[in-house]
Amino acid sequence: MAHNSTCLSQSEPELNIDDVIEPDTREFLEIYSGINPTDVNVHVARIAKRGWEFILPQLPAYTRIVDRVEQGALFIDLGCGLGQDIRRLAYDGAPSENLVGLDLRNAITELGYDLFKDRDTSKARFISQDFFQNTLELRKMTGKAEIINSGLFMHLWDWAGQIRIGLHSGGGGRDSGNHKAEGWIERYVHNEMSFRQMWIEIERLTGARCKLALSAEEESVIL
């Protein structure tokens, strides 16, 4: 894939966190969130970085995902946010016309175009709607999708909601989500047993046959 360089105006100053955080916002973070005044800038910068970090390339199956999309498989990223993983797939060789991102708010999609400056070059499709909204466009996409990434999406719902997501996607596709093995807790993430049970239930309700390939990984948490 060819990569174009874009030169920003030399008159544009480098980002200064102090210019981004309004005084009332800073006061809010200090009082409501209990953040030390000297730590506010570092905290905001850290969260901003996490807000668009590349998650998909960290998965063990990433190379296989790129290979399958190169061979023509349709990839859908649910809750794609800025679309950073869509762009990373394209950067690593996946044809952008085989990539679809879905997010609730069009403003996030537009911000992604502004960030990556590929509005006129990328052939990826971005759908701005509620996943549960029964539109023809989304039905056509999910029916054809071979790989559905829900790693930043599915855990937002409880058990019933996740079953509904499986039903809405037809029980098909390869779910490449990073569903962390932390048990069934408030964040609605899975351990291996609960994840298998969920897809067994989706199989029962849809009549589809699902083959699960699970891999466990440890996560380091820096406090």
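Given the structure is predicted, the values throughout are model-derived calculations rather than measurements. Residue positions are given per chain, counted from 1 along the sequence in the order it is written. Only residues with pLDDT of 70 or above have their local features reported here, since the model is predicted, and side-chain atom pairs are shown and tallied only from 80 upward, although totals for entire chains, interfaces and linings are computed over all residues. Calculated side-chain values reflect all of the structure's heavy atoms, with hydrogen atoms and water omitted.

Asks: I would appreciate a short explanation of helix 4 (residues 62-70) in the present structure.
Replies: Since the α-helix packs 3.6 residues into each turn, any two residues three or four apart lie on the same face. The buried label goes to any residue with under 20% of its type's maximum accessible area, the exposed label to any with over 50%, and the partly exposed label to all in between, with areas taken from a 1.4 Å probe on protein chains only. Going along the chain from the N terminus, every DSSP run of H or I of four or more residues is numbered as a helix, and every run of E of two or more is numbered as a strand. Turning to helix 4, its buried residues number three or more, namely Tyr-62, Ile-65, Val-66 and Val-69. What you see down the axis of helix 4 is that its buried residues fit within an arc of 100°, all on one side. Turned more than 90 degrees off the buried face of helix 4, the exposed positions are Thr-63 and Arg-64. Contacts were defined at the residue level, with two residues in contact if any of their heavy atoms lie within 4.5 Å. Contact partners of the buried residues in helix 4: strand 1 (75-78), helix 5 (84-91), strand 2 (99-103) and strand 4 (147-149). Backbone geometry just downstream of helix 4 places Gly-72 in the positive-phi region, at approximately 115°. To be clear, the arc concerns the directions from the helix axis to the C-beta atoms.

Asks: Just to check I follow, could you spell out the packing of helix 8 (residues 159-168) against helix 9 (residues 192-206) for this structure?
Replies: The geometry of a pair of packed helices is captured by two quantities: the angle between their axes and the separation between those axes. A fitted line through C-alpha atoms represents every axis, and for helices the fit uses only the stretch in contact; the resulting angles, taken between N-to-C directions, go from 0 to 180 degrees. Interaxial distance between helix 8 and helix 9 falls to 10 Å at its minimum, and their mutual angle equals 50°. Viewed along their axes, helix 8 and helix 9 adopt a mutual orientation that is oblique. Note on packing geometry: the crossing formed by helix 8 with helix 9 is right-handed. Residues Trp-159, Gln-162, Ile-163, Gly-166 and Leu-167 of helix 8 lie in contact with helix 9, whose contacting residues are Ser-194, Gln-197, Met-198, Glu-201, Ile-202, Leu-205 and Thr-206. Here roughly perpendicular refers to angles of 65 to 115 degrees, roughly parallel to angles under 35, roughly antiparallel to angles over 145, and oblique to all remaining angles. Working rule for handedness: look at the near helix, and if it is turned counterclockwise from the far one by less than a right angle, call the crossing left-handed; if clockwise, right-handed.

Asks: How should the nonpolar core be read in this particular structure?
Replies: For soluble globular proteins, the rule of thumb is that nonpolar side chains tend to be buried together. Residues belong to a common nonpolar core when they are buried Ala, Val, Leu, Ile, Met, Phe, Trp, Tyr or Cys residues joined through side-chain atoms within 4.5 Å. Of all hydrophobic cores here, the largest spans 20 residues; its most connected members are Leu-78, Phe-131 and Met-198. Those elements that place two or more of their residues in this core are strand 1, strand 2, helix 7 (136-144), helix 8 and helix 9. One finds Tyr-62, Val-66, Cys-80 and Ala-94 within the second-largest nonpolar core, a separate group that totals 17 residues.

Asks: What is the right way to look at the packing of helix 2 (residues 23-31) against helix 3 (residues 40-51) in this model?
Replies: Running from amino to carboxyl end, helix 2 crosses helix 3 at an angle of 95°, the nearest separation of the two axes being 11 Å. On the basis of the axis angle, helix 2 is roughly perpendicular to helix 3. For the pair formed by helix 2 and helix 3, the contact residues are Arg-26, Leu-29 and Glu-30 on the first element and Val-40, Asn-41 and Val-44 on the second. Per-class residue counts for the contact of helix 2 with helix 3 are three nonpolar, one polar and two charged. Any residue that is not Ala, Val, Leu, Ile, Met, Phe, Trp, Tyr, Cys, Pro, Asp, Glu, Lys or Arg is counted as polar, Gly included; the first ten are nonpolar and the last four charged.

Asks: I would appreciate a short explanation of the pairing of strand 1 in the present structure.
Replies: Side-chain positions along a regular strand alternate between the two faces of the sheet. The two faces of strand 1 match: Phe-75 and Asp-77 on one face and Ile-76 and Leu-78 on the other face are all buried. Following DSSP output, two strands are said to pair if at least two bridges run between them. Note that strand 1 and strand 2 share four bridges and pair parallel. Across the sheet, Phe-75 pairs through a bridge with Leu-99, a residue of strand 2. Place the viewer so that the strands point away; then a crossover is right-handed whenever the path from the first strand over the helix to the second strand goes clockwise. Following the chain from strand 1 across helix 5 to the adjacent parallel strand 2, one finds a crossover that is right-handed. Pairing of strand 1 with strand 4 involves three bridges; the strand directions are parallel. Within the sheet, the bridge partner assigned to Ile-76 lies in strand 4 and is Ile-148.

Asks: Would you explain helix 8 in this entry?
Replies: Of the positions making up helix 8, those classed as buried are Gly-161, Gln-162, Ile-163, Ile-165 and Gly-166. Buried residues along helix 8 sit against helix 9.

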